[in-house]
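Residue-level listing of the chains:
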Amino acid sequence: WLPTDIRLNTNAAGSSYATALEMCCSGNNIYVAWFDDRNEVFTPFLNCSQDGGVTWRAADISLSSVEERNISFLKMCCAGDDVHVCWADRRGLRGAILVNSSSDAGVTWLDEEVQISTWVFTPEAPHPTFSFGQPLICCGESSGCVSWSDNRTETDHDLWCRCSTDGGQTWA
């Protein structure tokens, strides 16, 4: 074990509530994702180490292109140099499942997270109460699948899945 604790969220200490920690490892690459409220709503962030946890990025990475997200149910997976993080987005009165991906061990990420749920709750939706179940994600090198439940059929939750075979660039 390392001799001291290492702080991974790099905003001012004690200035936000960081929660929903997820971690995965692939070789010497270690990734930790979470969401915190430094932007006054919960937003997904990540920090990573490429040397087994000895050193970490000096600045954590926001995984959302929109700083007005309000997220829940953060999950992640990694294989080789591929990393995928998914979450349920509840910005405003909308709801969707989103994912962001890196194919170079967390060095770069998609410019914008990808919405993978094809149905999006809006106030005009056919029923007034909407909920997403916790998404789950698994991956291999250059591929990944996300599954979740939602109540778009107005009664109970059904299960849905989208997969990517191009490192998270597109989901089918």
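Bear in mind that the values here come from a model prediction, so they are computed numbers and not experimental data. (Residues numbered from 1 in each chain as written. Predicted model: local features only at pLDDT ≥ 70, side-chain atom pairs only at ≥ 80, totals over all residues. Heavy atoms only, no water.)

**Details of unusual backbone geometry**
Next up, step 1: A positive phi is found at Ala20, a non-glycine position, where the angle reads about 60°.
Next up, step 2: Structurally, the position occupied by Ala20 is in strand E1 (residues 18–26).
Next up, step 3: Residue Ala105 is not a glycine yet carries a positive backbone phi of 60°.
Next up, step 4: Inspection of the secondary structure puts Ala105 in the loop between strand E7 (96–102) and strand E8 (114–115). (Helix = DSSP H or I, 4+ residues; strand = E, 2+ residues; numbered from the N terminus.)

**Here's the deal with the sheet that holds strand E4 (residues 61–62)**
Next up, step 1: Strand order in the open sheet formed by four strands is E1-E2-E3-E4, with antiparallel pairing between adjacent strands. Strands with a single pairing partner mark the edges of an open sheet, and in this sheet they are E1 and E4.
Next up, step 2: Looking at chain direction, strand E3 (residues 43–49) and E4 are connected through two bridges and run antiparallel. Bridging across to E4, Leu46 finds its partner in Ile61. (Pairing = 2+ DSSP bridges.)

**Considering the sheet that holds strand E6 (residues 82–89)**
Next up, step 1: The antiparallel open sheet is built from four strands, whose spatial order is E5-E6-E7-E8. Where the open sheet ends on each side, the last strands, each with one partner, are strand E5 (71–79) and E8.
Next up, step 2: Pairing analysis gives two bridges linking E7 to E8, with the strands arranged antiparallel. Bridge pairing in E8 links Leu98 to Gln115.

**Let's talk about the nonpolar core**
Next up, step 1: Counting residues in hydrophobic clusters, the biggest one holds 18 residues, and the most contacted among them are Tyr31, Leu46, Met76 and Val85.
Next up, step 2: Of all the elements, E5 adds the most residues to this core, at four residues.
Next up, step 3: Not counting chain neighbours up to four residues away, the residues in contact with Val85 comprise Ala33, Leu46, Leu63, Leu74, Lys75, Met76, Leu98, Val99, Asn100 and Trp109.
Next up, step 4: Counting residues in each nonpolar core, the second largest holds 13 residues, with Cys86, Ile97, Val99 and Ile137 among its members. (Core = buried A, V, L, I, M, F, W, Y, C linked by side-chain atoms within 4.5 Å. Buried < 20%, exposed > 50% of the residue type's maximum accessible area, 1.4 Å probe, protein only. Contact = heavy atoms within 4.5 Å.)

**Brief notes about the side chain of Asp60**
Next up, step 1: Mapping Asp60 onto the fold places it in the loop between E3 and E4.
Next up, step 2: Given a relative accessible area of 12%, Asp60 falls into the buried group.
Next up, step 3: Only 2.8 Å separates the side chain of Asp60 from the backbone nitrogen of Thr10, close enough to count as a polar contact.
Next up, step 4: A polar contact is formed between the side chain of Asp60 and the side chain of Arg38, at a distance of 2.9 Å.
Next up, step 5: Not counting residues within four places of it along the chain, the set of residues in contact with Asp60 comprises Leu8, Asn9, Thr10, Asn11, Trp34, Arg38, Phe45, Leu46 and Asn47. (Polar contact = N/O pair within 3.5 Å; in protein donor to acceptor, adjacent residues only side chain to side chain.)

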